Amino acid sequence: MSTHTQIIYQIVFSTKNREKCLLKAKRDELYKYINGILHNKNCTTIQINGVEDHLHILIHLHPSIALADLIKEIKISSHKFIKESFLFPDFKGWQDGYGAFTYSVDSLPGLIIYIQQQEKYHQVQEFEKEYLLMLQVFKVPYNEKYLYG
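Just so you know, these numbers come straight off a predicted model, no measurement behind them.

A positive phi angle, near 55°, is found at R18, a position not held by glycine. Summarising the element assignment, R18 is placed in the loop between strand 1 (8-14) and helix 1 (24-40). Judged by its relative accessible area of 26%, R18 falls in the partly exposed class. Phi is positive for F86, which is not a glycine, with a value near 55°. Looking at the secondary structure, you find F86 in the loop between helix 2 (67-85) and strand 4 (99-103).

Below is the structure:
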């Protein structure tokens with residue numbers, strides 16, 4: 001029998017200290033680079049978007065890939081790419097942690113729109129409040145001291 005999975009994650013992480021350094025004009029280059037990492041790990045990119053200080057990455061995770069290892073690869077490789085290409089001159093790095101939330105296939109249409117509309121969404125909602133709401137909705141325990149490091 002073949003392996004069949006439906007492992008859908010929304011991954012969210014911010015720039016170090018939530019610095020607003022991901023300039024809109026160059027973000028698509030970053031998204032393409034991250035998409036390449038995901039493709040090389042046999043993961044399916046569903047949607048990537050973000051704003052000046054954080055990213056949302058919606059994927060189907062390949063069952064042979066450990067989520068923590070994938071996120072580590074995305075952060076290390078993209079950090080190196082950003083620095084070598086001078087993509088975002090003020091970029092100092094990614095936050096240490098991340099959020100990863102699982103979803104059903106039924107929730108994808110609304111979630112895709114939500115991620116696509118990050119610019120619009122963050123005109124009325126700060127990242128900190130958005131992230132706290134995700135943690136609360138998914139009942140993820142957290143210590144505020146370590147939320148955005």
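The next point concerns the sheet that holds strand 3 (residues 54-60). One open sheet holds the 4 strands; their spatial order is 2-3-1-4, and the pairing between them is antiparallel. Among the strands making up the open sheet, the edge pair consists of strand 2 (44-51) and strand 4. In this sheet, neighbouring strand axes are inclined to one another by 15° on average, regardless of whether the strands run parallel or antiparallel. As defined by bridge partners, strand 1 adjoins strand 4 across 5 bridges and the pair is classed as antiparallel.

As a further point, take a nonpolar patch on the surface. A cluster of nonpolar residues, L133, V137, F138 and V140, forms a patch on the protein surface that exposes about 310 Å² of accessible area. In this structure, V140 sits in the segment after helix 5 (127-137).

This brings us to the packing of aromatic side chains. As enumerated under the stated definition, the model contains 8 aromatic pairs in all. With centroids separated by 6.4 Å and ring planes inclined at 70°, the aromatic side chains of F101 and Y131 adopt a geometry described as edge-to-face. Of this pair, F101 sits in strand 4 while Y131 sits in helix 5; the two residues are 30 residues apart in sequence, bridging distant segments of the chain. Given the relative accessible area of 2%, F101 is considered buried. Here the aromatic rings of F101 and F138 are separated by 5.0 Å at their centres, their planes lie at 35°, and the arrangement is tilted.

Inspection of every chain in the model, using the stated rule, returns 6 salt bridges. Here R18 makes a salt bridge to E128, at a shortest N to O gap of 2.4 Å. Of this pair, R18 sits in the loop between strand 1 and helix 1 while E128 is found in helix 5, placing the two residues 110 residues apart along the sequence. For the salt bridge of D53 with K20, the shortest nitrogen-to-oxygen distance reads 3.7 Å. With D53 in the loop between strand 2 and strand 3 and K20 in the loop between strand 1 and helix 1, this residue pair connects regions lying 33 residues apart in the sequence. Residue classification places K20 among the exposed positions, given a relative accessible area of 61%.

Once that is clear, we can look at helix 1. The end-to-end C-alpha separation of helix 1 is 25 Å, in line with the 24 Å expected for 17 residues at 1.5 Å each. Listed as buried for helix 1 are R27, L30, Y31, I34, I37 and L38. What you see down the axis of helix 1 is that its buried residues fit within an arc of 115°, all on one side. Exposed positions of helix 1 whose direction lies more than 90 degrees from the buried face are A25, D28, K32, H39 and N40.

Quick notes on the rules
- Residues numbered from 1 in each chain as written.
- Predicted model: local features only at pLDDT ≥ 70, side-chain atom pairs only at ≥ 80, totals over all residues.
- Heavy atoms only, no water.
- Helix = DSSP H or I, 4+ residues; strand = E, 2+ residues; numbered from the N terminus.
- Buried < 20%, exposed > 50% of the residue type's maximum accessible area, 1.4 Å probe, protein only.
- Pairing = 2+ DSSP bridges.
- Axes fitted to C-alpha atoms, helices over the stretch in contact; angles between N-to-C directions.
- Patch = residues over 30% accessible without salt bridge, like charges linked within 9 Å, V, L, I, M, F, W, Y side chains within 5 Å.
- Areas by Shrake-Rupley, 256 points an atom, 1.4 Å probe, with all protein chains shown as cover.
- Salt bridge = Lys/Arg side-chain N within 4 Å of Asp/Glu carboxyl O.
- Phe/Tyr/Trp six-rings, centres within 6.5 Å; stacked < 30°, edge-to-face > 60°.
- Expected span 1.5 Å × (residues − 1).
- Arc of directions from axis to C-beta.

So yeah, pure geometry; function would need other evidence.
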